[in-house]
Amino acid sequence: MSRLFWFGLGAAAGLFAAKKASEVTKQATPAGIGANVGEGLRELAGAIGSFGAEVRAGMAEREQELQDTVERQTGFTPGRRAPRANGKH
């Protein structure tokens, strides 16, 4: 019985090692390397897009804070145009 156990364990370890070796050799091929690079670039593009969105949101929030401060201190509402002398904008 113990021989059968060790034989089964050895066979399972051999299959596992063969599968891992196959995955590693596939990643080392030009197609595998290209897929890894492509996936990395997609992740980088997503991260850059998220960063840009966060920066824009922060800029909008800060701009609103500054407008509120200017309005509170001067009574002038930024963004509105003052009427010209002839009444036209």
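As annotated in an unreviewed UniProt entry, the protein chain is Secreted protein from Lentzea kristufekii.

1. Describing the overall build of the protein chain
Within the protein chain, the regular secondary structure consists of two helices and zero strands. Taking all 89 residues of the protein chain together, the buried fraction comes to 3%. Surface exposure of the protein chain reaches about 7900 Å², of which carbon and sulfur atoms provide 63%.

2. What about a nonpolar patch on the surface?
A cluster of nonpolar side chains, contributed by I33, V37, L41, L44 and I48, occupies part of the molecular surface with about 470 Å² of accessible area. Here L41 lies in helix α2 (residues 30–74).

3. What about the pattern of salt bridges?
One side chain can pair with another of opposite charge once the charged atoms of both are near each other. Per the stated rule, a full pass over the model turns up two salt bridges. Here E23 makes a salt bridge to K20, at a shortest N to O gap of 3.8 Å. With E23 and K20 both in helix α1 (residues 2–27) and three residues apart, the pair spans about one turn of that helix. Put simply, R62 and E65 hold a salt bridge, and the shortest N to O gap is 3.2 Å. Of this pair, R62 and E65 both sit in helix α2, three residues apart, which is roughly one turn of the helix. For R62, a relative accessible area of 46% gives the class partly exposed. We classify E65 as partly exposed; its relative accessible area is 35%.

4. Observations concerning α2
In this model α2 runs 64 Å from its N-terminal to its C-terminal C-alpha over 45 residues, within 8% of the 66 Å that 1.5 Å per residue would give. Buried-residue contacts for α2 involve α1.

5. Digging into the packing of aromatic side chains
Applying the stated criterion to the full structure yields one aromatic pair. The interplanar angle of 75° and the centroid separation of 5.0 Å between the aromatic rings of F5 and W6 together place this pair among those described as edge-to-face. Here the two residues F5 and W6 agree in accessibility, since each one is exposed.

Cut-offs and rules
Residues numbered from 1 in each chain as written. Predicted model: local features only at pLDDT ≥ 70, side-chain atom pairs only at ≥ 80, totals over all residues. Heavy atoms only, no water. Helix = DSSP H or I, 4+ residues; strand = E, 2+ residues; numbered from the N terminus. Buried < 20%, exposed > 50% of the residue type's maximum accessible area, 1.4 Å probe, protein only. Areas by Shrake-Rupley, 256 points an atom, 1.4 Å probe, with all protein chains shown as cover. Patch = residues over 30% accessible without salt bridge, like charges linked within 9 Å, V, L, I, M, F, W, Y side chains within 5 Å. Salt bridge = Lys/Arg side-chain N within 4 Å of Asp/Glu carboxyl O. Expected span 1.5 Å × (residues − 1). Contact = heavy atoms within 4.5 Å. Phe/Tyr/Trp six-rings, centres within 6.5 Å; stacked < 30°, edge-to-face > 60°.

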